[in-house]
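Residues per chain, in single letters:
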Amino acid sequence: MNAIKKILKLFLLIVLLFACKDNSKENKTPTSLTPEANYPNIVFIYLDDLGYGDLSSYGAKEIQTPHIDKLANEGVQFMKGYASSATCTPSRYALLTGTYPWRNKNAKILPGTAPLVIDTTTYTLPKLLKDKGYATAVVGKWHLGLGTGATNWNTEIKPGPNQVGFDYSYIMAATQDRVPTVYIENSKVNNLDVNDPISIDYKNNFVGEPSGLENPELVTMKGDKQHSNTIVNGVPRIGYMKGGISARWIDVDMAEHFLEKAKDYIKTQKTNDSPFFLYYAMQQPHVPRIPNPKFVGKSGMGPRGDVILEADWCVGEFIKTLEAEGLLENTLIVFSSDNGPVLDDGYEDQAVKLLGNHDPSGNLRGGKYSLFEAGTRVPFITYWKGKIQPRKSQALVSQIDLYNSIAKLVDSEARTTDAEELLDVFLGNSEKGRDNLIIEATSRTAYKEGDWVLIPPYKGPKVFKGKNIETGNANQFQLYNLSADAKQQQNLAKMDTIKLNEMITNFRRIRGKDYANTSQPNFKN
């Protein structure tokens, strides 16, 4: 009996030992990679006012952009890629929310003091990615509003990027030509001296403060009436600003300053186990175009051409950093622009005079602010080294589609009704793009379906004075077939009434019947 008891005790001891060993295995961190660890890093490189014809990869002959061309030549170069709007704020809104900007009446060109236009409850793309284990950051131009409308620039500025999904943010509030001319890091103005507080007013100047209109002798780049308020670095801006002298940016250093912040972020993420999403929103070639001295005169086209070369260099340096950190082969890069080109946009920088044979619109009609093709058809490239095979795609895609497509990439069930899921298209595995698209320009909308474009009648000028850009406004419907008429010279509305009525019906089904309720921009020229 004693022998049997000993054998039973030994057996129970062995069972307990194995049980403890199994439990210890369950409590250990798995050595295999989690699904999140296999997701790629994602980078959006977003330029400002870069036209369809501004890159050598898109046909430019007078200017060479080798670093951006490398992305185009080794990735998917979309020939029918569109921003959601012909102006900046609406396109940025659509990019981050996956929602048509015309659904939000506040998603329009904003002053620097505008409140945040993205509701903090919105499930934005950065929020989606955070929920899938991503670190998220924005570096560069924001222009989606900050605060609630009564912003105190000397305290925490909320809500902003950090409240709509970004873990880290280093931004300018609006545009380079608007006050406040300071950098904001994680809701606080960078390098602000508490003894020199910032005050902002978009209607009235502060007593004793010079302005471009009243003190032209202090100006190094002359602006129009709209761009002739507070002078910073010799450049008059939109709006009035007092204080914050130590925090004000230096324009000639801006491109490289944002580049260094983007590179620093990449380097900090190298040691993290989680993937990252970086929205790198560059300011070029938006006005005022002030290149670093090492780029001045390099293009032969004046400041606008020079800052495009500067932007291309920045892209090259950024890619070098990804490669040096061993991250390039696991990073999906999306390159595009928020809207089409504009030459004369508030400053006398000889953009028109020095243009030469260069065509920023790429032989398309219109430009920034316009419902014609050049307003929203922009350079659009996806690049993923070793994963995407080079090709030129004729698929119809919009920046709005990145929301649903990236959701699919990271196994998220989140979708918006306006975006299409086109992941295979963006990865170069399919040519089946979206069937139709609504584009927007200064609150007016138009409809694309295949090669057909419908522009409804709108009141207002046919050409924006001072910009020399056709708006697309007319007192009748306009119907164009881009496959036969890429320059939109022949209105087929009266010749093909069957197609016209079909397009009107399809447009109204999506847009509704209130599309004629628009507002005109005030450029104060």
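These lines cover the structure that appears in this document, whether it is placed above or below. (Residues numbered from 1 in each chain as written. Predicted model: local features only at pLDDT ≥ 70, side-chain atom pairs only at ≥ 80, totals over all residues. Heavy atoms only, no water.)

Focus on the overall build of the protein chain
Part 1: Each helix and strand counted, the protein chain has 10 helices and 22 strands in total.
Part 2: With respect to the three principal axes, the spread of C-alpha positions in the protein chain is 110 × 65 × 45 Å.
Part 3: The buried share among the 525 residues of the protein chain stands at 59%.
Part 4: Carbon and sulfur atoms make up 51% of the accessible area of the protein chain, which totals about 22,200 Å².
Part 5: Side chains of the protein chain carry 61 positive and 59 negative charges; the gap between the two charge centres is 4 Å. (Helix = DSSP H or I, 4+ residues; strand = E, 2+ residues; numbered from the N terminus. Buried < 20%, exposed > 50% of the residue type's maximum accessible area, 1.4 Å probe, protein only. Areas by Shrake-Rupley, 256 points an atom, 1.4 Å probe, with all protein chains shown as cover. Lys, Arg positive; Asp, Glu negative; His and termini not counted. Charge placed at Lys NZ, Arg CZ, Asp CG, Glu CD.)

Some points on the nonpolar core
Part 1: With 61 residues, the main nonpolar core has Phe-44, Leu-129, Trp-142, Ile-184, Phe-277 and Tyr-279 as its most contacted residues.
Part 2: Secondary structure elements with two or more residues in this core: β1 (41-47), β2 (76-78), α4 (88-97), α5 (125-131), β12 (276-281), β13 (331-337), α8 (402-409) and α9 (423-426).
Part 3: If you tally residues by element for this core, the top one is α8, at 5 residues. (Core = buried A, V, L, I, M, F, W, Y, C linked by side-chain atoms within 4.5 Å.)

Topic: the packing of aromatic side chains
Part 1: Within this structure, the stated rule accounts for 23 aromatic pairs.
Part 2: Between Tyr-280 and Phe-318, the aromatic rings sit 5.3 Å apart at their centres with planes inclined by 45°, giving tilted as the arrangement. Taken together, the residues Tyr-280 in strand β12 and Phe-318 in helix α7 (residues 302-324) connect sequence positions 38 residues apart.
Part 3: A relative accessible area of 0% places Phe-318 in the buried class.
Part 4: Among the aromatic residues, ring-to-ring pairing joins Phe-44, Tyr-46, Trp-142, Phe-166, Phe-277 and Tyr-279 into one connected group.
Part 5: Taking NZ or CZ as reference, Arg-377 lies 5.3 Å from the ring centre of Tyr-52, over its face. (Phe/Tyr/Trp six-rings, centres within 6.5 Å; stacked < 30°, edge-to-face > 60°. Lys NZ or Arg CZ within 6 Å of the ring centre and 35° of its normal.)

Points about α7
Part 1: With 23 residues, α7 ought to run about 33 Å at 1.5 Å a step, and its terminal C-alpha atoms sit 33 Å apart, in line with that.
Part 2: With respect to burial, α7 is a largely interior element, 19 of its 23 residues being buried.
Part 3: A positive phi of about 70° marks Gly-326, the residue just after α7. (Expected span 1.5 Å × (residues − 1).)

Considerations on the packing of helix α3 (residues 66-74) against α7
Part 1: Running from N to C, α3 and α7 cross one another at 60°; their axes reach a closest spacing of 7 Å. Relative to α7, the element α3 is oriented oblique. The residues of α7 that touch α3, namely those facing Pro-66, His-67, Ile-68 and Leu-71, are Asp-312, Trp-313, Val-315, Gly-316 and Ile-319.
Part 2: Its residues assigned to classes, the contact of α3 with α7 comprises 6 nonpolar, 2 polar and 1 charged. (Axes fitted to C-alpha atoms, helices over the stretch in contact; angles between N-to-C directions. Parallel < 35°, antiparallel > 145°, perpendicular 65-115°, else oblique. Contact = heavy atoms within 4.5 Å. Nonpolar A, V, L, I, M, F, W, Y, C, P; charged D, E, K, R; others polar.)

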